[in-house]
Amino acid sequence: MQISSESIKVGHPDIVADMIAAHIIAAILDEEAKLGLSLENMPHCGLEVFLGKGLCIVGGEVRTRVCVDVGDIVRKTVLSIGYDDTAKGLNGHLMGVLNAIIPQSPDINLGTSCLLNKNREIGAGDQGIMYGFACDETPELLPLPYVLVNKLMRAFEDCGDPVFAPDGKGQVSIEYDERTGRPVRLVKVLMSNAVDYRFVKGAKGKVKEKAKKIAFSALDEWVDRKTEFLFNPTGEWQAVNSCSAADSGVTGRKLVVQFYGGYPGAQLGGGSVVNKSPEKVDCSAAFGTRYVAKNIVAAGLAKKCSVQVAYAIGIARPFSIYVNTFGTGVIPDKKLSQVVAQVFDLTPAGMITRFDLLQGDIYRRIPRTLFLDDYPWEKTDMADVLEKEVKRL
């Protein structure tokens, strides 16, 4: 039995679009902080970014007290990723930027502003269903294929070799023991990366050798003699035909790989995360449910856990909470759901405060990885609390 996961580098056009949206929100939060930023006066943002050949269109809705230079942020974000020459598929110096952002709907603001909300609370920015997931396969309490394929992406992003242009994606396949359900070995590694031939010296075949060395060094704990390696399976991927020179980029189009890599049981709900301010529960509850699931597993209450929450627009508290431990829980899932409802504050205000989601730097980091970093929602500081509550039952 094999399970595969996919991930992408930050230079992939869809993640470039995510990065642009997140950096705009970060800049707004930075400027708002200079005026005194709180839950009462926080900005409300929902952005969409389209990245075409040499062109970026930024749309969506924003309510804020400040003004930021969208065009400047777009270009600086693209340049920071490494796109500074059309030979790489995109040039941040030369690209066009169209700003189509409009003010937030006043009808939505009635529900999300705690000054206007009828209950004087930050209501959910929209209705929706969000999922969080955790399992005990890795120290990070995430699925092994997801962890390994993300290590693969970071290795190529940080390798410092100009031969490997910013755009790339990869996959790994893990063999699992059908009886125990535990990972056994790394079967296959696939890496597709745009190649900048201006820096290639010697035969093209040496590029694959370089790529294999980077990949296997990053995954050395799981690589064995039988592990297969594939690189650019079509036989060619030139950097000049990468990023938006070859494929358009759109915010929110890589949610499966950003969340849990398509791991069975790790469901996906809600919408895009990094392009929204945190009163939007697509954003805050994606982190809140992960936090709950991770603490349940860290507490030893389950080996695998999925948490679902559902919201109504303008209402702060989720109107349903569902916990599924896939038969690994030490207590029935129904009782565990009740404990979660008692212990965790899953209102937008509660999650914004606990996870420090009004910090611009958080938004600058999350497009690269939603979980594999020292984020507040990756802490297991509620595990002891959960254990105590379960013992009281």
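The rules behind these values
- Residues numbered from 1 in each chain as written.
- Predicted model: local features only at pLDDT ≥ 70, side-chain atom pairs only at ≥ 80, totals over all residues.
- Heavy atoms only, no water.
- Helix = DSSP H or I, 4+ residues; strand = E, 2+ residues; numbered from the N terminus.
- Expected span 1.5 Å × (residues − 1).
- Buried < 20%, exposed > 50% of the residue type's maximum accessible area, 1.4 Å probe, protein only.
- Pairing = 2+ DSSP bridges.
- Axes fitted to C-alpha atoms, helices over the stretch in contact; angles between N-to-C directions.
- Contact = heavy atoms within 4.5 Å.

### Section: helix α4 (residues 144–157)
Residues spaced three or four apart along an α-helix point in a common direction, a consequence of the helix completing one turn every 3.6 residues. Along its 14 residues, α4 runs 20 Å from first to last C-alpha, staying within 8% of the 20 Å computed at 1.5 Å per residue. Counting buried residues in α4 gives 12 out of 14 residues, a clear majority hidden from the surface. The set of residues buried in α4 consists of Leu144, Pro145, Tyr146, Val147, Leu148, Val149, Asn150, Leu152, Met153, Arg154, Ala155 and Phe156.

### As for the sheet that holds strand β1 (residues 2–8)
With mixed pairing, four strands are arranged side by side in an open sheet as β1-β8-β9-β10. Looking at which strands have only one partner, the edges of the open sheet turn out to be β1 and β10 (228–231). On average, each strand axis in the sheet is tilted by 15° relative to the strand beside it, whichever way the strands run. Relative to strand β9 (residues 183–195), strand β8 (residues 164–176) runs antiparallel, the two sharing 10 bridges. Opposite Lys169, over in β9, you have Ser192 as the bridge partner.

### Some words on the sheet that holds strand β6 (residues 96–103)
Spatial ordering of the open sheet is given by β6-β3-β2-β11, a layout of four strands whose pairing is mixed. Two strands in the sheet have a free side with no partner beyond their single neighbour: β6 and β11 (249–250). Sheet analysis places strand β3 (residues 55–63) next to β6, joined by eight bridges and oriented parallel. Each bridged residue has a counterpart across the sheet, and for Glu61 the counterpart in β6 is Ile102. Those strands touched by helix α2 (residues 70–81) are β3 and β6, and its axis lies near 130° from that of β6.

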